[in-house]
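Next come the chains, spelled out residue by residue.
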Amino acid sequence: AKFRQILPDFAANSAERAELLTQIARTQALQAHFEPAHATLDEAEKLLQPDWTRAHIRYCLERGRVYNSSGHVDAARSLFLDAWELTISCQCEDALAIDAAHMIAIVEPPSKQLDWNLQALAMAERSSDEKAKRWKASLYNNIGWTYHDQGEYEKALDCFQKALAERQAQKSEAEIRIARWCVARTLRSLNRIDESLAMQQALLADFEASGEKDGFVNEEIAECLLLQGRQKESMPHFARAY
């Protein structure tokens, strides 16, 4: 609604209007309104001019996201690759290049995901663009889960701890809590049960103090208690998670 409100502020044939339309399409796709999202992108596509590189990149990214969210992975992959190649050719859109690489990682098989995320992370770490740097937390998180899925828990823990540090620097409490949970979850995988349980219990206290709930925290507390042989204590937490 806010995007629609400012749309008239941009000239009908401007690159800025085309970009804004792609972001309206993104909000539509996030609501699973895929046909309206494609229609909005059709409108943006008609405006595109050859030298509007940034608008082209955003168009490819958002069309790709709509396809991916609606289950058309091959079409999405092709568009994400187009976006990546455009960012590399212009060498001026680090944040969008990282976005493209991380989306490619999402649609690629596990054997290729890590390479794309590491490539995106390397770009985020060397970039002078603040928007690009802000990607580090998400990328550390994604790479951490890839390592976790591969059973490389020490590498996963290192990534999740770095993600936590980035989130703390950004001062986003909700994201900090997720990052803390990831660290604690990996400690359980490393059989460091006492540390994992203590972190999850601290998280639970934070949620309760703010009047919120998080079933994933209860689930992890229950898993840790079960591993400690405290089955009776685990049961209420499993019930709350359920």
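Above this text you will find the structure in question.
The rules behind each value
- Starting afresh in each chain, residues are numbered from 1 along the sequence in its written order.
- The predicted nature of this model means local features are confined to residues of pLDDT at least 70 and side-chain atom pairs, given and counted, to a pLDDT of 80 or more, with totals for whole chains, interfaces and linings taken over all residues.
- Excluding hydrogens and water, the side-chain figures rest on all heavy atoms present in the structure.
- A run of H or I in DSSP counts as a helix once it spans at least four residues, and a run of E counts as a strand once it spans at least two, with each numbered from the N terminus.
- Relative accessibility under 20% of the residue-type maximum defines a buried residue, over 50% an exposed one, and the middle range a partly exposed one, all with a 1.4 Å probe and only protein chains included.
- Using a 1.4 Å probe, accessible areas were evaluated by the Shrake-Rupley method; residue-level cover was limited to the displayed protein chains.
- Between Lys or Arg on one side and Asp or Glu on the other, a salt bridge is scored when a side-chain nitrogen of the former is within 4 Å of a carboxyl oxygen of the latter.

Now for the overall build of the protein chain. Each helix and strand in the protein chain was counted, giving 14 helices and zero strands. Helices and strands appear in the protein chain in the N-to-C order α-α-α-α-α-α-α-α-α-α-α-α-α-α. Its C-alpha atoms put the protein chain at 65 × 35 × 35 Å along the principal axes. Out of the 242 residues in the protein chain, the part that is buried amounts to 45%. Summing over all exposed atoms, the protein chain offers an accessible surface of approximately 12,900 Å²; the carbon and sulfur share of this is 50%.

Let us now look at the pattern of salt bridges. Within the structure shown, the criterion is met by 23 salt bridges. Linking Arg-54 and Glu-93 is a salt bridge whose minimum nitrogen-to-oxygen distance equals 2.7 Å. Of the two residues, Arg-54 is situated in helix H4 (residues 53-69) and Glu-93 in the loop between helix H5 (73-90) and helix H6 (94-107); the sequence distance between them amounts to 39 residues. For Arg-54, a relative accessible area of 28% gives the class partly exposed.

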